[in-house]
Structures are given as C-alpha cells and as structure tokens.
Amino acid sequence: MRNVIRHKKSESKPKFGFNIFSPRENRFRAHLYPGLRSIASLFLYAGIVLALVAQAKAAPIQRTPSEVLLVYNSASATSTAIGMYYAAQRGVTNVLAVSCQDSALNSINETISLSNYKSQIQNPISTYLSAHPGINFIVLTKGIPIRIDNAPTGSEPAGQTPQDFQPSLDSYLAALGYSTANGNVQASITGSGAQGVAWINKYYNSTVPFTHEAFGGYLVTRLDGYIQSDAMALVDRSIAAMQTPLTGSILIDADAGDGIADKTQFPPATPSTDVLMEESFDHGNADLMHAAGDLQASGLTTNATVTSTFVGNQSNLLGYYSWGSNDGNYNSEAYESLSFAPGAISNTYVSTSMVSFIGQYVGFNSINLTGMTSLKARVANANTDDKLHVFQIRIDNPSGQIIGSCNVPQTGGWQTWKTMTCALSASVSGVHNVYLTFIPNGFGGNLYNIEWIQFQGAASVIEAASYNGLSGGEQLEVSSEGPQDLGFITNGANAVYNSINLNGMTSFTARVASAGAGGSLQIHVDSPTGTLIGTCTVPSTGGWQTWTTQTCKLKGASGIHNVYLVFTGGGGDLYNLEWFNFVGGTNLIEVASYNVLSGDASLETSSDGGQDLGNIFDGQSHMPDLIANGLTGAEGYTNEPCLDGIEGITFQIDHYQSGYTLAESFYAGTPYLGWEGIVVGDPLTAPYLGVTPTVTPTQASSFTGSAGGVSTESSSEGNLDVGNILNGSYTFYSNVNLSNLTTFRARVASAGLGGNIQVRLDNPTGTLAGTCTVPVTGDWQSWTTVSCPISNTTGTHTVYLVYTGGDGALFNVEWFAFTPTIQASSYSKISGGEQLESSSEGGEDMGFILAGSYAAYNNVTLTGATHFTARVASAGSGGNIEVHLDSPSGTLAATCAVPVNGDWQTWSPVTCNLTPTSGTHTLYLVFTGDGGNYLFNLESFGVN
C-alpha cells in the first residue's frame, strides 16, 4: 500500500518504517496483474469467506474478564494510569507490570529493539501465561512500544540488505508460541515496495469462538490514542455500547476511480503463503460492496457510496470503512469531520494508519478566548498539489473540542509568507490551553510553516444611525447599502455612542464613503476631548455612496465607556459613515513560544525574522484521529503491510455484527501474524452478542433456472444483476431453507415501470409467501433495498421469484435475502416465571407465560420495519404480546393478539402492524391476558 516520501526541505531525519515512493506512484503501488491472483497474492478480504464458502458459524459466547491478561508499563505514568483504570472498570485480575521505554513520551520510544522486547516484555508475559492457563486475550496500554526493530518477521523496504524486519509489537506478540515445529506456516510477502515474512494466522476465517488452546497464539489489543484520555475513553465507550441500545449507521465509502471487481469472488478461502505482487484496488472496492450487501440484506442501516467525492460530515456512525488518504478524492477535512457512537469500529485501506500514536501538534497555555471569533496566522506553503493543507484549533488538550479549522493557502515557497484568517466555528469563553493539530492529507512531504498566530474578536456592528447624541449639523440619509448612513459631516463635529465595552479591543473598523477630500476619524472615550485611543484615515472614494472599509489600531482601550467619534479634516463635507465596530484579539503569539510540541516539527530561522515552525510532516490518514472522534475499536498498521496483509472488511463486519467480540472480529479476518497490524480497543467489546447473525444475500444471477427472457448483466455494485425482466417472467432457486424466516429483502433498480416481486414456493403458481413492491429508482443501476414480510415458509423449497407489472421492462434485481427470526430463548432478560422448554419444531420455546411478565431482547434494528411477527402456540387462554421500546413501560410500538389453537406445541404465526421506528433498540415483549392462567408459548419473532 501507499508509502510516502518525507520531502524535507533541507535536512534528512531518521524515520521509522520506510517511505520510498513518490506521492502518487505509491498509492498501494498499482503496477498490478490481476491474473496472478490465484495463489501469488490473495487479497486483504481473505476474511470474507462467508459469502463464498457456506460454513455454519458457531454462536458467539460471552467472554469474561478472567480470560484477559492486562499488561502495562510501570516505567510510564500514562501506561500505569490506563491499566489501573481498565482493571477497575472491567474487573480484570490478571494484571502484569513490565518495565520498558515509555512510548507515550515520543515517537522514538515507539520502536523497541528485539533483545529489549524479549527480555522486558515477552519473557515476563510468557512466564505469567505459563502459570495462568485459560487466558485468551492480552491487553496492552499506551506507553508500551508499538514496533519491534530487527525481528524475524515483519516487513521492510524491498531489496533491503541486511534484513531489518519491523513488525508491530502487538502482531508479533499475537503469534507467541507459533513455530513450524507446532505446525504453523510462514508466508513470504512482497508488494507495494515492501518485502517480508509473516505467520499464517490460524484463527483466520474461523467460524467458532477463539481459544488459545484450539488455535495457539493470543488475541492482542491495546488501549491507545494520542493522549491518555483517548485511551481511557475506549473503555468507557465499550461499556456504554454494551449497556445502551445502539443507534446509528455504518458508512462504507468506496473509491469510484478504481472500479469494482466481482464481489462474489472475494475473498480467497485461505491466505497465500507466497505473495509475489499486491492485489489490485478494484478487489478492495469489491470487498466494501460485499460488506454493504450483507449489511443491507440484514436490514442494518448502511450508507454505501461509490462516488468521486470523499464522504464526510457524518455523525453517530457505528462503523466506518474506506480507502482513507488512498482515495483519489481524499479530503482531510471530511475525514476529520466524522464522529462516532459508542460501539463503533473502523478500518481503512491505509498502510501506515497507526504508524504512530504521537500526534502532531503545538500547544500554547492560558489563552483568553472570550469574545474571539477568528484566528489570524502567518503561514508559508510551497506545495503545488490540489490537496487541502489544514490545521485544526482545539482547546484544553490535543484531542479536545475543535473550535476552528484553517486551510493554509499555497504561497509559492517555504519562506514566502502570507497572513491568513479563518473563522472560529464555536463560541468559546474563558482561558484555555490552545492546540494547533496538523492534519495529514496523504500526499507526502511537508504541510506548511507557521510563524505566528493571533486570535481576534469583534463586538457587534454598530450602525452610525444608532447614535446617542450629535454635536449638530450631521444628518441621516438613505444608504445604498441600506438602511441609513450619517452624512453631512464637517470638521470638528462628533457623534456619541453610550456604554461600549472596550475590554480586549485592539482595532477599530468603519464603513465610510467620500466624494470630498476625506479626513480623519478620531476615537475618544468619555468626552469629545477625552482620551484618544485611535485615529482612522478616511480616503476619498469617489462618491458619497461608494463604500470602503477602513481599519486602525487602538491603544489603551479597556472598560465600558461612552465613545465619541470626532470627525476632522478640511472645509466642507468630509465623508459619510455607515457603521463601525471594535475588534478585539489576543497579543500576537510567536509559534516559537510554544509550551508543548509533539511530532516531527521543529523550529527554523524565518525570513521574516525570528523563528517559524517547519518540518510539519504530511503522512497518510491516521486512525488515532478517529479514535479521538469517538471510535470504540479500530485496526491499523505500523509499517507497509501490503494490501494482501489487511483483513477483509466483510468478514470483520460479519463477525462483529453477529455478536463476536471486537478482538475475535478483527483477528478472524486478519490473514497474517508477526506482521504489521494493531488492534485498538477493549477485546471484550461485544455489543451485538445475542442478536440475529448477519445474512449473506443470494446473488439473483445465480438462479437455477428462468423463464420470460431474463438475462444477466454487469452490476455497478460488482458481480451481475438480472435484467430484461418483463411481466410474468421469473427466476427460481433450488434448496432454500425457509424455516424461521419472516422477511424477504431484495436489491433492485428501475428506469422502467417498477412492479412487484412475488415470492412463491416450488413452482411459478405455488404458495404465495410474500409480495414486494419495486419502485422506480430513475436508472437501471441506481440501487435500493426493498423488503416485505413472508409467511408459510417452513422447510426447504425451490423459491420462485415471479416478476409482475405493466408492459415493457420492469426492473433489475441484484440480490435477495431472507431474514431469520429471533428465537424467544435468546432473551437478555426476563421478569421471572417464564421457562424454556423443548419445542416440537426443534430448539426451545418460552413457556409458562403469565400476564404481566416480559422478556427483553437487545439490539434489534427497527429501521424500515413495519410489522411484528411471532410464532406462538396456546392451549391456555391466549392473550396479547405488547412490543415496548427500551423498557417494559417504554413506547408501545405494536400489539399482537395471540389466539388459542388448542395445543402448547401447535405453532402458528401472528402478525401485527409496527409503528415505524428508526434505530436499534432493546425490545421488551410484555405479555398480557387472563391474570390467572398460563397464556401461550412463544417460539420466535421477527420484525420486517
């Protein structure tokens, strides 16, 4: 994947990793040959096997703190504090202190030698693990290095000799105990200007919960971010996500410029042991669109885009997957604008997204921001690319509130200076520590130089017509800029404006016009001859309504005063005055006077005199930025992993959304260990535990047979769709198990008439299970997802999709899916009294239900749902199922009547309307009826 040259203006500096290509040529090093895909380079989404290999995934299990070993660095106050916080919040008792260099201090300490790693970290951990069996997860904290130098595995620049592999410490530790003697397999990886050796991850593409005993190694995560509070927030968000219903959408942003391969062909089932060349980028887009299809088929809120615009300004996200700075349309401000809900995880196809957890910023202490509305800065920028060059203004800490974002203009040289002004986006008062954080745009080299900054503020505009008194002679008249100006001003006249707050004011601005000789405008306080605090020159503008804005500095302005504007000049009318205001600001702040500096930036001699801050390095998009914006978990890379070494997005999402832990989800899709990956987050995070697993859709083009002239064609979302659909045509699909399914979903597009999809069983005129309406979308490749309830669907059938509508072409179909029901036995909470028993249809049902009892089910997605369906039986009195949101007395969304059918195991469906509700909720099924008898049994339910 793409590495970046550190284009230093003069000196060279030591750098970790390797940055050997030009900014555009190294975008994942695209000299690629798709034909070599079979063995040589099996791609990053080797985790998406679910769509290709029909494996039954075992249900995830509740993981416990006793399975976690917490490791912190006792030589780091930051590491220690984070470790103690995590242990207390999670109840972790397996805690180990190691002592090593403190990586929280600087980027140099983030890389540890192999010998120190072994003696200071690996050996103490191995000793502890030997004495404490049953540990499956290892948690590291900020302050423990992220990279090992000169290790037996890892990546390095292609052609380098002697060997100097640099794996991530986390990935190397995850392979603890791996050896060829134990049957583990190594892989040789070459691509994107890198070469190296890694272990095939034995847990890769697994469909069962992880244990060290079954798979070897450990699932290693870390609690890390730019600052200590970022790392601690990961713990808080994990706990919040598992206690509060999840709401939000998942953003998947593919790069339209790279095309989309056949999404059904990815990923390969096993990682390659001999990667000779990196995969092409259309495979990455196929992975993203495959993931989007699975989410859409499962009814989860998904924003999947394939556009020439890099998507930003999204909030409350539950997931984010993109090309980051490797997107040809990358926009750093859009990336930084993303924010997340508790439980959100992310990954991007970016090779060095976790190259460092030391942020790039400069900080200044104790700045009074009361009344400030803008920032003025003296900058230089020799870049000539088309990227944005941005720094953010944050307060209180480097990950604190963003109060402004400044785009530095190109000036033509690193010492060619320009003064720029950017507005503050948030109103702030009081004294704060201020941080300028430098945002990489992915192009390479340096971003800009900064010499000084100054915060500015302004009182409200004061209309000249709002005077409290005139000396005489001046008159109001209609202004060409509306509404009025003060005219007929002569030498020695004045106007007074009462009770003006001058605290912090440093300049005066006035809107003036003159067809005469102009003059001067003096600003006095308390009387026409009071203290003179400023004088503005008013030029001739060529007309009494030809307006210009003049500014002059103030001196000695403070307190609340009556302000007298005294007008001076020659004979006759001097000028007109429309409005004025006072502008405040901090003293000019030399950047060289910083209180804290983090990253590679350094001071250098400025051509303006004094010093400026230069060598502000521009790297690729950083995942720690998104951690600061609210992520709960993420994966990134310390050095070049090659595209083949990044996990499959689809597989990752599928595991997480199906209830597996954060650690299991990331590692189940990670092809290689002893390589470059880092997983950030609490490994026990599992907000979807107990929910219905994600659904893999069936491609409509995979039909067993068809009638009516339908054909297949290339789909804009990857693979094929079914087109040329006419009224009465159909496709059919053999051996579809429809047991416990309540919803049919389809991905459709129409520039024709639209129409209907009838779901029929076993022949074109067989039992009608459901009918979905297909709208007109405006284009044959403008896709939308439709859904409808189905019934009479137990057992295995040949499913016929019968297409109906008017004359001519109706619509296209890309995929379809049937959504499973939620088993009554999978409750998260019951009120008491209800019991589980064997069901005549297999599994268990909930029986012994009395009036007033209830059962709760976590994280049920209701977006787009309009019906509630349940499978019930009753030899009792029957009753009702009330569907409440988030508590037994919460919003009532539906009420379904349950009839008596004469037997506790004679099952039938009931359906009722569901009040349209968005988001994910905990559903409380409250059972009502005859208070003295058992009401009914409940086997399963669903929303559709």
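Residues numbered from 1 in each chain as written. Predicted model: local features only at pLDDT ≥ 70, side-chain atom pairs only at ≥ 80, totals over all residues. Heavy atoms only, no water.

Per an unreviewed UniProt entry, the chain goes by CBM6 domain-containing protein and derives from Granulicella mallensis.

*Asks:* What should I look at first to understand the overall build of the chain in this one?
*Replies:* Scanning the chain from terminus to terminus reveals 10 helices and 61 strands. Relative to the globule expectation of 30 Å for 944 residues, the C-alpha radius of gyration of the chain, 33 Å, shows essentially globular dimensions. Based on the C-alpha atoms only, the size of the chain along its principal axes is roughly 105 × 70 × 60 Å. Looking at the chain as a whole, 59% of its 944 residues are labelled buried. The contacts of the chain with a sequence gap of at least 6 include a subset with a gap of at least 24, amounting to 79%. For the chain, the accessible surface area stands at approximately 32000 Å², while carbon and sulfur atoms represent 49% of it. The distance from the centre of the 33 positive side-chain charges to the centre of the 70 negative ones in the chain is 6 Å. (Helix = DSSP H or I, 4+ residues; strand = E, 2+ residues; numbered from the N terminus. Rg over C-alpha atoms; globule rule 2.2 N^0.38 Å. Buried < 20%, exposed > 50% of the residue type's maximum accessible area, 1.4 Å probe, protein only. Contact = heavy atoms within 4.5 Å. Areas by Shrake-Rupley, 256 points an atom, 1.4 Å probe, with all protein chains shown as cover. Lys, Arg positive; Asp, Glu negative; His and termini not counted. Charge placed at Lys NZ, Arg CZ, Asp CG, Glu CD.)

*Asks:* It is not clear to me how the UniProt feature "domain: CBM6" (unreviewed entry) in the chain should be interpreted in this structure. Could you clarify?
*Replies:* According to UniProt, the feature "domain: CBM6" (unreviewed entry) maps to residues 328-456, 460-583, 696-819 and 820-944 in the numbering used here. Secondary structure across residues 460-583 comprises 0% helix and 58% strand; the distance between its end C-alpha atoms is 9 Å. (UniProt positions renumbered as here; feature names shortened; annotations may be inferred.)

*Asks:* Got a minute to help me understand the environment of K387 in this structure?
*Replies:* Structurally, the position occupied by K387 is in the loop between β16 (372-380) and β17 (390-395). Along the backbone, K387 and G442 are 55 residues apart, and their C-alpha atoms lie at a distance of 8.6 Å.

*Asks:* What am I meant to see in a nonpolar patch on the surface here?
*Replies:* Taken together, F848, L850, W904 and Y934 make up a surface patch of nonpolar side chains, about 350 Å² in accessible area. For W904, a relative accessible area of 30% corresponds to the partly exposed category. (Patch = residues over 30% accessible without salt bridge, like charges linked within 9 Å, V, L, I, M, F, W, Y side chains within 5 Å. Salt bridge = Lys/Arg side-chain N within 4 Å of Asp/Glu carboxyl O.)

*Asks:* Would you take a moment to explain the domain arrangement of the chain for this structure?
*Replies:* Accessible area lost upon the coming together of the parts is a frequently used measure of interface size. For the chain, the domain assignment lists domain 1 (65-223), domain 2 (247-355 + 621-677), domain 3 (361-458 + 588-614), domain 4 (462-584), domain 5 (698-819) and domain 6 (822-943). Just the C-alpha atoms count here: the centres of domain 4 and domain 5 sit 74 Å apart. (Domains from an automatic or database assignment.)

*Asks:* Would you explain the confidence of the model for the chain in this entry?
*Replies:* Close inspection of predicted coordinates is inappropriate in any region flagged by low pLDDT. Chain-level statistics for the chain give a pLDDT mean of 87 and a share of 92% at 70 or above. Counted against residues more than four places away or in other chains, residues 1-55, with its pLDDT under 50, gives 213 contacts. (pLDDT = per-residue confidence, 0-100.)

*Asks:* What is the right way to read the nonpolar core from this model?
*Replies:* Most often, soluble globular proteins keep nonpolar side chains buried together rather than apart. Core analysis: the largest hydrophobic core is formed by 102 residues, its most contacted members being I125 and I138. A domain split of this core shows at least three residues from each of domain 1 (65-223) and domain 2 (247-355 + 621-677). (Core = buried A, V, L, I, M, F, W, Y, C linked by side-chain atoms within 4.5 Å.)

*Asks:* Please clarify how unusual backbone geometry should be interpreted in this entry.
*Replies:* Most peptide bonds adopt trans geometry, and most residues besides glycine take a negative phi value. Backbone torsion omega between T161 and P162 reads -5°, so that peptide bond is classified as cis. Mapped onto the secondary structure, P162 falls in the loop between β6 (154-157) and α3 (169-174). In this structure, P483 follows G482 across a cis peptide bond, with omega equal to -10°. Mapped onto the elements, P483 comes out in the loop between β24 (475-478) and β25 (484-487). Phi is positive for D396, which is not a glycine, with a value near 80°. What makes D396 partly exposed here is its relative accessible area of 44%. A positive phi is found at N615, a non-glycine position, where the angle reads about 55°. For N615, a relative accessible area of 4% puts it in the buried group.

*Asks:* Would you explain the packing of aromatic side chains in this entry?
*Replies:* Think of a pair of aromatic rings as described by two things: how far the centres are apart, and how the planes are tilted against each other in angle. On inspection of all chains with the given rule, the structure shows 32 aromatic pairs. Between the aromatic rings of Y178 and W199, the centroid separation amounts to 6.0 Å while the plane-to-plane angle is 80°, which identifies the pairing as edge-to-face. Taken together, the residues span a long stretch of sequence, with Y178 in the loop between α3 and β7 (186-191) and W199 in strand β8 (residues 194-200) at a distance of 21 residues. Residue Y178 is classed as buried on the basis of its relative accessible area, which comes to 10%. What links up through ring pairs into an aromatic cluster is the set F310, Y320, Y330 and Y335. (Phe/Tyr/Trp six-rings, centres within 6.5 Å; stacked < 30°, edge-to-face > 60°.)

*Asks:* So what exactly am I meant to see when it comes to the state of the cysteines here?
*Replies:* What we call a disulfide is simply a covalent bond connecting the sulfur atoms of a pair of cysteines. Under the counting rule described, the total for this entry stands at 4 disulfides. Across a sulfur-sulfur distance of 2.2 Å, C772 and C788 are joined as a disulfide pair. Disulfide C772-C788: torsion about the S-S bond near -110°, hence left-handed. With C772 in strand β47 (residues 767-774) and C788 in strand β48 (residues 779-789), this pair connects stretches of sequence that are 16 residues apart. A relative accessible area of 1% places C772 in the buried class. On the basis of relative accessible area, C788 is assigned to the buried category, the value being 4%. Described in terms of the sequence order of its bonded cysteines, the disulfide pattern of the chain is 1-2, 3-4, 5-6, 7-8. (Disulfide = S-S within 2.5 Å.)

*Asks:* Could you clarify how one ought to interpret the pattern of salt bridges in this entry?
*Replies:* Where side chains of opposite charge bring their charged atoms close, a pairing between them can arise. On inspection of all chains with the given rule, the structure shows 11 salt bridges. D224 is the partner of R222 in a salt bridge, and the nearest nitrogen-oxygen pair spans 3.0 Å. No difference in accessibility class separates R222 from D224, as the two residues are buried. For D608, the salt bridge goes to R378, with nearest N and O atoms at 3.0 Å. Taken together, the residues span a long stretch of sequence, with D608 in the loop between β35 (602-605) and β36 (611-614) and R378 in strand β16 at a distance of 230 residues.

*Asks:* Can you help me understand the sheet that holds β47 in this one?
*Replies:* Each strand in a sheet pairs with its neighbour through backbone hydrogen bonds, running either in the same direction (parallel) or in the opposite one (antiparallel). As summarised here, the arrangement of the 5 strands in space is β41-β44-β49-β46-β47, forming an open sheet in which the pairing is antiparallel. Edge positions in the sheet fall to β41 (705-707) and β47, since each of these pairs with one other strand and no more. When the angles between neighbouring strand axes are averaged without regard to direction, this sheet yields 25°. Of the pairings in the sheet, the one linking strand β44 (residues 730-737) to strand β49 (residues 796-804) comprises 6 bridges and is antiparallel in character. Looking at the pairing, F732 lines up with Y800 of β49. (Pairing = 2+ DSSP bridges. Axes fitted to C-alpha atoms, helices over the stretch in contact; angles between N-to-C directions.)

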